[in-house]
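# Structural features, examined
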Amino acid sequence: GFVPGLFGTSHGALQFMAYEDLKERYNKYRNRVSDTKLNTVEYILMAAVSKIFAVVATYPYQVVRARLQDQHNTYSGVFDVIRRTWR
């Protein structure tokens, strides 16, 4: 599970990237300067949407990692886990 575990570090990076992109696009849509501060509701909405994006993008790796770490099943590698999980 070590190699799939490395992909877990991308979760925060994806969330931050999505948040910044959403904030910039939203401010552009509202005809505001791109670094304009968001109000509380806007901030919560952008944070929630960016978190959902990061979770959807990185959740499959968590399934693979957990299955590789399972002591009750034997897999020959990451692709074996993916293939067997898909079936």
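Structure shown above.
Nothing here was measured: the structure is a model prediction, and the numbers come from that model. Counting restarts for each chain: residues are numbered from 1 in the order of the written sequence. Owing to the predicted nature of the model, reporting of local features is limited to residues with pLDDT of at least 70; listing and counting of side-chain atom pairs is limited to 80 or more, with chain, interface and lining totals taken over all residues. Processing note: side-chain calculations cover all non-hydrogen atoms of the structure and skip hydrogens and water entirely.

The next thing to look at is the pattern of salt bridges. Salt bridges, as used here, are contacts in which a Lys or Arg side-chain nitrogen is within 4 Å of a carboxyl oxygen on Asp or Glu. With the rule as written, the count across this model stands at 4 salt bridges. Of the charged contacts, one joins D21 and R25 as a salt bridge, the two residues approaching to 2.8 Å between their closest N and O atoms. Highlighted residues: D21 and R25, both in helix α2 (residues 10-29), separated by 4 residues, approximately one helical turn. For each residue, the accessible area found with a 1.4 Å probe, counting protein chains only, is set against the maximum for its type, and the residue is called buried under 20%, exposed over 50%, and partly exposed in between. In this structure D21 comes out as partly exposed when scored by relative accessible area, which is 35%. Here D80 makes a salt bridge to R83, at a shortest N to O gap of 2.6 Å. With D80 and R83 both in helix α4 (residues 78-86), this residue pair falls 3 residues apart, about one helical turn. Residue D80 is classed as buried on the basis of its relative accessible area of 11%. Counting from the N terminus, the helices are DSSP H or I runs at least four residues long and the strands are E runs at least two residues long.

Any link to function would need more than the numbers given here.
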